[in-house]
Amino acid sequence: MKIIPIFLPYVGCEGRCVFCDQFGATGRVAVPTFEEIGRIIEEHSRTSSEYELAFYGGTFTALSVERMRGYLEFARNFRVVKRIRVSTRPDEVTPEKLAVLREYGVETVEVGVQSFDEEVLTLSGRGYGTEVAERACRMVKEWGFTLGVHLMLGLPGSNKKIEILSALRAVECGADLVRLHPTLVLKGAELYKMYTKGEYKPLSLEEAVELCSDLLTVLEGWGVKVVRIGYYIPPDQAENVAAGPFDPSLGDKVRKRVVEKIFERLRPKKVVVPSRYRGWLKDPMGAEVFEGEDFSFDELGYSDALFLLGKEVVECLNS
Ligand code: SF4
């Protein structure tokens, strides 16, 4: 089901995390009124009759119960809105607020964990620690919601080992889906000042592709769907990105790299490739290539291959 994203920039946020610039990233400087939200939904309803409405861009469950009810009640009035999802931060996940979400039939709660590492969370100005992040994720699951976890890569103080451990924690906490967001330096964020003073160095595009492809094998190898890789920045806002691995086709680059890694590791004699991804295999290393619905590498299916690689990524942590 397609999503209608409704951005409520900074709504519910008490502070500003060092990497965050909602205005620069979305181009929206004001919280949309109900009238505007209604117009967005009506526009979408011309092309489909079933949507999931997503309240993104702020900390939805930090709103008062009355304001939460106001948004949810409003959304539910539209015939095309079949599902609702919200995003929030771990320290604002409480039984009281989850009860409200459940009352209105919200199915998915996306938790902006960003990292499960104590120091990275501190350096990013998140204002909560690992324990709170884990507790929030478990609570969302216990209440029966689909759990989405947002992880940022390349935050201050982070490294490859920390990113992989964070991905593992997300699996352990029961994440159903994950968004991987390599950190961008946005001009309106605190991180930009750190970057210009030489106190922060973002990942290069190549590093982000390598890291995301490792994390993808860990997450999807364990059955957690990666639904997004890289931030969506509207083209007219791209000038607000000062540095970092910004590439609108990052997700494709990462998935292509995953297939290359499987190839390099397994050296299969026979591969099956979906026709739309045929271009990914420039050099099949002597393997016979067939077209089919799903990838397979000799006798190994795609998910088994991911699991094998993901396991090796994790084992490398101890070597
Ligand atoms: S990252 Fe999330 S919690 Fe932090 S300021 Fe931005 S919207 Fe608010």
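Predicted, not measured: the structure shown is a model, and the values here were computed from it.

Criteria and thresholds
Residues numbered from 1 in each chain as written. Predicted model: local features only at pLDDT ≥ 70, side-chain atom pairs only at ≥ 80, totals over all residues. Axes fitted to C-alpha atoms, helices over the stretch in contact; angles between N-to-C directions. Helix = DSSP H or I, 4+ residues; strand = E, 2+ residues; numbered from the N terminus. Parallel < 35°, antiparallel > 145°, perpendicular 65-115°, else oblique. Left-handed = near helix turned anticlockwise from the far one by under 90°. Contact = placed C-beta atoms within 7 Å. Nonpolar A, V, L, I, M, F, W, Y, C, P; charged D, E, K, R; others polar. Near = placed C-beta within 6 Å. Buried ≥ 20, exposed ≤ 12 C-beta atoms within 10 Å, placed from the backbone.

A. Quick look at the packing of helix 7 (residues 160-172) against helix 9 (residues 205-221). One way to put it is that helix 7 packs onto helix 9 with a least axis distance of 10 Å and a crossing angle of 25°. Here helix 7 lies roughly parallel to helix 9, going by the angle between them. As helix 7 runs across helix 9, the sense of the crossing is right-handed. Residues K160, E163, I164, A167, L168, A170 and V171 of helix 7 pack against L211, D214, L215, V218 and L219 of helix 9. Residues of the contact of helix 7 with helix 9, tallied by class, amount to nine nonpolar, no polar and three charged.

B. Geometry of the site of the ligand. Neighbouring the ligand are the residues Y10, C13, R16, C17, C20, Q22, G58, T59, R89 and G112. Residues belonging to the shell around the ligand are distributed by class as follows: four nonpolar, four polar and two charged.

C. Seen up close, the environment of F55. Tracing the sequence through the fold places F55 in strand 2 (residues 51-56). Assessed through the 25 C-beta atoms surrounding it within 10 Å, F55 is described here as buried. Taking the C-alpha atoms as reference points, F55 and I6, 49 residues apart in sequence, are found 5.0 Å from one another. Contacts of F55, omitting those with residues within four sequence positions, involve I6, L8, F60, Y71, V86 and S87.

D. Looking closely at the packing of helix 9 against helix 10 (residues 250-266). Across the interface, helix 9 lies against helix 10 with an axial gap of 9 Å and an inter-helix angle of 65°. In terms of axis orientation, helix 9 runs roughly perpendicular to helix 10. The chirality of how helix 9 crosses helix 10 is right-handed. Between helix 9, through A208, V209, C212, S213, L216 and T217, and helix 10, the contact on the second element is made entirely by L250, K253, V254, R257, V258 and K261. Among the residues forming the contact of helix 9 with helix 10, the class breakdown is seven nonpolar, two polar and three charged.

All we've got here are geometric facts, nothing functional implied.
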